[in-house]
Amino acid sequence: VQLVESGGGLVQAGGSLRLSCAASGSTSTINTMGWFRQAPGKQRELVALMSIGGTTRYADSVKGRFTISRDNAKNTVNLQMNSLKPEDTAVYYCNGGYFSLVQGAYWGQGTQVTVSS
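Residues numbered from 1 in each chain as written. Predicted model: local features only at pLDDT ≥ 70, side-chain atom pairs only at ≥ 80, totals over all residues. Heavy atoms only, no water.

**A short note on a nonpolar patch on the surface**
On the surface, Tyr-98, Phe-99 and Val-102 cluster together into a nonpolar patch covering about 350 Å² of accessible area. Considering the arrangement of structural elements, one finds Val-102 in the loop between β9 (90-97) and β10 (106-107). (Patch = residues over 30% accessible without salt bridge, like charges linked within 9 Å, V, L, I, M, F, W, Y side chains within 5 Å. Areas by Shrake-Rupley, 256 points an atom, 1.4 Å probe, with all protein chains shown as cover. Salt bridge = Lys/Arg side-chain N within 4 Å of Asp/Glu carboxyl O. Helix = DSSP H or I, 4+ residues; strand = E, 2+ residues; numbered from the N terminus.)

Below, the structure written as structure tokens:
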């Protein structure tokens, strides 16, 4: 399985960005798709996940601001990020896996999101 992200960039605090991820290869093995992020000097952390059935899981820090969506037919997952804060600055990684609503085995290459104050 290959995951390719797009949509990162630089935005001012309070702004919005939309990340997209497309999966290819043996996509029939994927149940959950979603996003993790890693800020400099910090561990990689969960942002949002969505199961193939549509159940979601969000980090508390992004609830109410970020929305995950998925197109199972196209094997894509999106992350709409609103009301961005400087602390959202990180490399965002697309993730996919077999088990429901947990970190999977497949990773994208990452896309940088920078929020300026």
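**Section: the pairing of strand β7 (residues 66-71)**
On β7, burial follows the alternation: Phe-66, Ile-68 and Arg-70 on one face are buried, whereas Thr-67, Ser-69 and Asp-71 on the facing-out side are not. Direction of pairing for β7 relative to strand β8 (residues 76-81): antiparallel, over a ladder of 6 bridges. Following the sheet pairing, Ile-68 is matched in β8 by Leu-79. Taking the residues that link successive antiparallel strands as the turn, the β7-β8 hairpin has 4 residues, and the phi of Asn-75 there is positive, at about 55°. (Buried < 20%, exposed > 50% of the residue type's maximum accessible area, 1.4 Å probe, protein only. Pairing = 2+ DSSP bridges.)

**Here we look at unusual backbone geometry**
Notably, Ser-83 is not glycine yet its phi reads approximately 50°, a positive angle. Residue position: Ser-83 is located in the loop between β8 and β9. Judged by relative accessible area, Ser-83 falls into the partly exposed class, the value being 40%. Its identity is not glycine, yet Leu-101 carries a phi of approximately 65°, on the positive side.

**Focus: the sheet that holds strand β1 (residues 2-6)**
In space, the 4 strands of this open sheet follow the order β1-β3-β8-β7, with antiparallel pairing throughout. With partners counted over all chains shown, the strands left at the sheet margins are β1 and β7, one partner each. The average undirected angle you get between the axes of adjacent strands in this sheet is 15°. Pairing of β1 with strand β3 (residues 17-24), which is carried by 5 bridges, proceeds in the antiparallel orientation. Note on β3: the bridge partner recorded for Val-4 is Ala-22. (Axes fitted to C-alpha atoms, helices over the stretch in contact; angles between N-to-C directions.)

**Quick look at the pattern of salt bridges**
Considering all chains together, one arrives at 4 salt bridges under this definition. A salt bridge links Asp-88 to Arg-37; its shortest N-O distance comes to 3.0 Å. Of this pair, Asp-88 sits in the loop between β8 and β9 while Arg-37 sits in strand β4 (residues 32-38), and the two are 51 residues apart along the sequence. Arg-37 shares its class with Asp-88; the two are buried. The shortest N-O distance in the salt bridge between Asp-60 and Lys-63 comes to 3.1 Å. Residue Asp-60 is classed as exposed on the basis of its relative accessible area of 65%.

**Notes on the nonpolar core**
Nonpolar side chains in soluble globular proteins tend to end up buried together. Core analysis: the largest hydrophobic core is formed by 26 residues, its most contacted members being Met-33, Trp-35, Val-47, Phe-66, Leu-79, Met-81 and Tyr-92. The element contributing the most residues to this core is β3, with 4 residues. Beyond its immediate sequence surroundings of up to four residues, Met-33 is in contact with Leu-3, Cys-21, Ala-23, Leu-49, Met-50, Ile-68, Arg-70, Asn-75, Val-77, Cys-94, Asn-95 and Gly-96. (Core = buried A, V, L, I, M, F, W, Y, C linked by side-chain atoms within 4.5 Å. Contact = heavy atoms within 4.5 Å.)

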